[in-house]
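Chain and residue survey
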Amino acid sequence: MMTSKDPVRFHLSLNVADLNRSVAFYRTLFNREPAKLRADYAKFEPDDPPLVLSLEPTPRAAGGPLNHLGFRLPDAKTLVAMQERLERAGIRSQREEGVECCYAKQTKFWLTDPDGTLWEIYTLESDIEHRGPGQTIEAMIGNNGSAAQPVVWEHFLGQPVPDRASFADGSIDEVRLRGSLNMPLSPAEQRRLVSEARRVLRPGGRVFVHVLTAERPVAGELGLPGPAAAVRHTPLEDEPVRLLEEAGFTAVRMTKLDAQPCFVRGGVAMRELQLEGFRPASRASGMMETLYAGPFDKVEVGGVVFARGRRTRVSADIAEQLRAAGGSFVVFDRPAGEVKHKADCGA
């Protein structure tokens, strides 16, 4: 068990194709033996720099070599203080108490940065002789620590708008429109693109929009420098929101709109906008199951009290609000009461 005298250590977890080869490389790099070595896991703990490097054998690292980043804190008091500080600042997190993970028993919380990088903040309670089921928050919600990579459709600035995207209805986890609305599209083309995004998304799936907007109409050619030279149209700041809402997306919100403009042309300020919305979840039963993961014992949202670690049935509308809030809430895609096959259940 760690004590308050132990230093805070930066934590880096990497996906590796060949564990033995990677262990040999980092053994030479750090000039030391691994602190922990198993057939399916390895960990190095050099003192200079104070680092915890874990190696995760991954046959198909679709997301690249980075598994996650984090900090190992000396004790639970420091962990709780850090999570409370982040929550007060509006950064949502998922907490796991006494989880068995990576041949150790840990208490931790998870969060993601604006680009989706996963961070693990944890304290080590004790070493154990088995790996344990925990690895990420996905393990807590029933994926046995090995969640499949999300299915994503990305449409970029300069690509044609398809009459019909080559995906089946409800087959995509996330649609990303990156600069698509900066093309000189007709209103009908804009509606068709967003409509196709909604069609291919599964119930509860997310649409993400990244676009350069203007505070009022811009006359003439934009003539922007660098990569922004490809921008031919800048919608007004509220237009993308309205476009998603009219297409039937729910919980639509701006996740980024900088106070400082990226460009100014003809006295008109242009700002980067990031936006998200969700295809409504299935309403077969009218109710959905949610889970509040902490850090507090209970919270109240929309008149509903959520106890930490306990599933709660709520209306589909409230479930969508919680899904949009993210962080401390998990929304289960199956409507409450729907039978779940044993093969789908977590350990």
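Our subject is the structure that appears above.
What you are looking at is a predicted structure, and each value in this text was computed from that prediction instead of being measured. (Residues numbered from 1 in each chain as written. Predicted model: local features only at pLDDT ≥ 70, side-chain atom pairs only at ≥ 80, totals over all residues. Heavy atoms only, no water.)

**Remarks on the overall build of the protein chain**
Counting its secondary structure elements, the protein chain contains six helices and 19 strands. The buried share of the protein chain, taken over its 347 residues, is 43%. (Helix = DSSP H or I, 4+ residues; strand = E, 2+ residues; numbered from the N terminus. Buried < 20%, exposed > 50% of the residue type's maximum accessible area, 1.4 Å probe, protein only.)

**Concerning the pattern of salt bridges**
As enumerated under the stated definition, the model contains 21 salt bridges in all. Close ionic contact of E276 with R206 constitutes a salt bridge, the shortest N to O distance being 2.7 Å. Here the residue E276 occupies a position in strand β14 (residues 268–278), and R206 occupies one in strand β11 (residues 201–214), the gap between them amounting to 70 residues. It is possible to trace a salt-bridge network through shared partners that takes in E154, E174, R176, R178, R206, R253 and E276. (Salt bridge = Lys/Arg side-chain N within 4 Å of Asp/Glu carboxyl O.)

**Overview of the pairing of β11**
Judged by how many residues are buried, β11 sits mostly within the fold: 10 of 14 residues are covered. Summarising the sheet, strand β10 (residues 172–178) and β11 pair through six bridges and their orientation is parallel. Opposite L177, over in β11, you have V209 as the bridge partner. For β11 and β14, the ladder comprises nine bridges, and the chain directions are antiparallel. Bridging from a neighbouring strand, A214 pairs with M270 of β14. (Pairing = 2+ DSSP bridges.)

**Description of the nonpolar core**
The biggest cluster of nonpolar side chains holds 24 residues, and the ones touching the most others in it are W153, V175, L177, V207, V209, L244 and F249. Mapped onto this core, the elements with two or more residues apiece are β10, α4 (187–200), β11, α5 (239–246) and β14. When near neighbours in sequence (up to four residues on either side) are disregarded, L244 contacts V194, V207, V209, F249, V252, L275 and G277. Among the nonpolar cores identified, the runner-up in size contains 12 residues, and V314, A316, A319 and F329 belong to it. (Core = buried A, V, L, I, M, F, W, Y, C linked by side-chain atoms within 4.5 Å. Contact = heavy atoms within 4.5 Å.)

**Quick look at the packing of aromatic side chains**
Per the counting criterion, the structure on display carries two aromatic pairs. Here the aromatic rings of Y26 and F44 are separated by 6.4 Å at their centres, their planes lie at 50 degrees, and the arrangement is tilted. Of the two residues, Y26 sits in helix α1 (residues 19–30) while F44 sits in strand β3 (residues 41–44), which places them 18 residues apart along the sequence. The same class applies to Y26 as to F44, namely buried. Centroid distance W153 to F167: 5.8 Å. Interplanar angle 45 degrees. Geometry classified as tilted. Of the two residues, W153 is situated in strand β9 (residues 152–156) and F167 in the loop between β9 and β10; the sequence distance between them amounts to 14 residues. (Phe/Tyr/Trp six-rings, centres within 6.5 Å; stacked < 30°, edge-to-face > 60°.)

**Thoughts on unusual backbone geometry**
Despite not being glycine, A251 has its phi angle at roughly 50 degrees, a positive value. Structurally, the position occupied by A251 is in strand β12 (residues 250–257). Residue A251 is classed as partly exposed on the basis of its relative accessible area of 27%.

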